[in-house]
Amino acid sequence: QKEVEQNSGPLSVPEGAIASLNCTYSDRGSQSFFWYRQYSGKSPELIMFIYSNGDKEDGRFTAQLNKASQYVSLLIRDSQPSDSATYLCAVRGGTSYGKLTFGQGTILTVHP
Amino acid sequence: DAGITQSPRYKITETGRQVTLMCHQTWSHSYMFWYRQDLGHGLRLIYYSAAADITDKGEVPDGYVVSRSKTENFPLTLESATRSQTSVYFCASSRQGVGQETQYFGPGTRLLVL
């Protein structure tokens with residue numbers, strides 16, 4: 001079992017819809033959770049992080065964390081073609097001080 | 001403010017040659033990381049450093065050497081390049097401490113080993 005798993009997609013949604021990206025992790029002691037966006041040919045850039053169970057909202061983005069189910073998700077409301085990218089989930093394990101483990105990423109395509 | 005930079009951005013080399021990829025950050029971050037990114041494997045950690053003169057192996061360290069004599073620099077050396085080391089290499093840095101683990105990435109180096 002991979003430490004951090006994501007559906008590689010591609011996930012295709014129409015413009016204006018809600019895109020839902022999911023991530024599961026295996027280390028129950030994981031402390032911190034991150035979502036990065038990576039455009040083709042570019043480096044990953046942070047969208048948001050979440051530490052506590054529940055929802056965290058930042059503009060059109062909402063991260064949801066459920067530690068009991070070892071599940072973290074990212075919702076993108078009012079999806080735009082400019083949101084088309086690969087979304088990487090990253091997790092800091094319970095004993096992985098400073099280190100993050102990345103999922104393989106989900107390719108999102110938002111079509112007009 | 002340059003942030004985190006990598007050089008060269010593109011490199012073509014031949015099997016068996018030594019190659020050094022440079023990473024420099026201006027934030028005085030404690031942690032620095034080297035990843036490689038390949039299709040089907042995502043980002044894989046090669047080496048990381050918690051501070052100057054402190055380095056440790058990541059998931060795929062074989063064939064790579066790192067050093068960190070200064071906080072701001074973290075070079076990655078391929079001692080004898082192999083074709084399997086053709087990849088995109090990203091350097092990243094972060095602060096130290098709980099709640100400070102956000103990693104900031106450099107622009108990447110695209111390496112082709114012939």
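See above for the structure.
These notes cover the structure that comes with them. Note that residues are indexed from 1 along each chain, following the sequence as it is written. Both sets of labels track the order of writing: A upward for chains, 1 upward for ligands. In keeping with the predicted nature of the model, local features appear solely for residues at pLDDT of at least 70, side-chain atom pairs appear and are counted solely at 80 or more, and the whole-chain, interface and lining totals rest on all residues. Side-chain calculation: all heavy atoms of the structure are included, whereas hydrogens and water are not.

Digging into the interface of chain A and chain B
Next, step 1: The partner chain B presents 21 residues to the 19 residues of chain A that form the contact.
Next, step 2: Contact between chain A and chain B buries roughly 1,600 Å² in total, counting both sides, with carbon and sulfur atoms accounting for 54%.
Next, step 3: In this description, buried area is defined as the sum, over both parts, of the accessible area (probe of 1.4 Å) that is lost when the two are combined. For chain A, the biggest contributors to the area lost against chain B are Gly98, Lys99 and Phe102 of chain A; these three give 28% of the whole.
Next, step 4: By convention in these notes, a salt bridge is any Lys or Arg side-chain nitrogen within 4 Å of a carboxyl oxygen on Asp or Glu. Linking chain A to chain B there are one salt bridge.
Next, step 5: The closest approach of N and O atoms between Glu101 of chain B and Arg92 of chain A, which form a salt bridge, is 2.4 Å.
Next, step 6: Whenever a nitrogen or oxygen atom comes within 3.5 Å of another N or O atom, the pair is scored as a polar contact, on the condition that within protein one atom can donate a hydrogen and the other can accept it, and that pairs from neighbouring residues in sequence are kept only if both atoms are in side chains. For the interface between chain A and chain B, the tally reads seven residue pairs in polar contact (both at pLDDT 80 or more).
Next, step 7: Helix numbers and strand numbers start at the N terminus; a helix is a DSSP run of H or I with at least 4 residues, a strand a run of E with at least 2. Broken down by secondary-structure element, the contributors of at least two residues to the side of chain A that touches chain B are β4 (32–38), β5 (45–50) and β9 (85–92) of chain A.
Next, step 8: At four residues, the largest contribution of residues to the side of chain A that touches chain B is made by β4 of chain A.
Next, step 9: Across the side of chain A that touches chain B, the residue classes break down as ten nonpolar, six polar and three charged. In what follows, a contact means two residues having at least one pair of non-hydrogen atoms within 4.5 Å. Throughout this entry, Asp, Glu, Lys and Arg are counted as charged residues, while Ala, Val, Leu, Ile, Met, Phe, Trp, Tyr, Cys and Pro are counted as nonpolar. The remaining residues, Gly among them, count as polar.

Examining unusual backbone geometry
Next, step 1: For the bond running from Gly9 of chain A to Pro10 of chain A, omega is 5°, close enough to zero to count as cis.
Next, step 2: Within the element layout of this structure, Pro10 of chain A appears in the loop between β1 (4–6) and β2 (11–14).
Next, step 3: Put simply, Ser7 of chain B and Pro8 of chain B share a cis peptide bond, and its omega is -10°.
Next, step 4: Within the secondary structure, Pro8 of chain B is located in the loop between β1 (4–7) and β2 (10–13).

A short note on the pattern of salt bridges
Residues and elements named next belong to chain B.
Next, step 1: The tally for this structure, following the rule as stated, stands at seven salt bridges over all chains.
Next, step 2: Here Glu14 and Arg17 are joined by a salt bridge, their closest N and O atoms 3.4 Å apart.
Next, step 3: The residue Arg36 makes a salt bridge to Asp38 at a minimum N-O spacing of 2.8 Å.
Next, step 4: A relative accessible area of 8% places Arg36 in the buried class.
Next, step 5: Exposure is judged per residue with a 1.4 Å probe applied to protein chains only, and the accessible area is read against the type maximum: over 50% gives exposed, under 20% gives buried, and values in between give partly exposed. The buried category is assigned to Asp38, whose relative accessible area is 16%.
Next, step 6: Taken together, the shared-partner salt bridges connect Arg36, Asp38 and Arg44 into one network.

Describing the sheet that holds β1 of chain B
All names here are of chain B.
Next, step 1: In this description, strands pair whenever DSSP reports at least two bridges between them. An order of β1-β3-β8-β7 is seen for the four strands of this open sheet, with the pairing classed as antiparallel. The open sheet is flanked by β1 and β7 (64–66), the only strands paired with a single partner. The average angle at which neighbouring strand axes cross in this sheet is 20°, direction not considered.
Next, step 2: Bridge analysis of β1 against strand β3 (residues 19–25) gives four bridges, and the strand direction is antiparallel. Residue pairing for β3: Thr5 is matched across the bridge by His24. Helix axes are fitted only over the stretch in contact, all axes being lines through C-alpha atoms; the angle between N-to-C directions runs from 0 to 180 degrees.

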